[in-house]
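Inside the fold
This is what each chain is made of:
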Amino acid sequence: MADLAAGGLTNKEIGEQMRLSPRTVGAHLYRAFPKLGITTRAALRDALTRLDGRLATP
């Protein structure tokens with residue numbers, strides 16, 4: 001779900017793909033943002049990019 005949000009999809013679009021309500025999507029992202037120390041979807045994209053880079057490094 002976070003990767004879809006980071007890719008620029010709206011809660012409604014994510015919900016349609018995952019068969020969830022947009023409110024459920026929003027609630028999950030609302031809980032994830034503070035855990036990652038971010039406040040925007042752009043920051044989410046950057047955080048996921050950094051995480052992918054760490055996981056790809058042997």
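Description of the structure in this document. These figures come from a predicted structure and were not determined experimentally.

1. Brief notes about the pattern of salt bridges
Within the structure shown, the criterion is met by one salt bridge. With a closest N to O distance of 3.4 Å, Asp46 and Arg45 form a salt bridge. Using a relative accessible area of 36% as the deciding quantity, one classes Asp46 as partly exposed.

2. Here we look at helix α3 (residues 22-36)
For α3, which comprises 15 residues, the first-to-last C-alpha distance of 21 Å matches the rise-based estimate of 21 Å (1.5 Å per residue) to within 8%. Once α3 finishes, Gly37 follows within two positions and takes phi at roughly 75 degrees, a positive value.

3. Some details on the nonpolar core
Residues Ala5, Ala6, Ile14, Val25, Leu29, Phe33, Ile38 and Leu44 constitute the largest nonpolar core, which totals eight residues. Beyond its immediate sequence surroundings of up to four residues, Ala5 is in contact with Ile14, Leu29, Arg41 and Leu44.

Rules and cut-offs
Residues numbered from 1 in each chain as written. Predicted model: local features only at pLDDT ≥ 70, side-chain atom pairs only at ≥ 80, totals over all residues. Heavy atoms only, no water. Salt bridge = Lys/Arg side-chain N within 4 Å of Asp/Glu carboxyl O. Buried < 20%, exposed > 50% of the residue type's maximum accessible area, 1.4 Å probe, protein only. Helix = DSSP H or I, 4+ residues; strand = E, 2+ residues; numbered from the N terminus. Expected span 1.5 Å × (residues − 1). Core = buried A, V, L, I, M, F, W, Y, C linked by side-chain atoms within 4.5 Å. Contact = heavy atoms within 4.5 Å.

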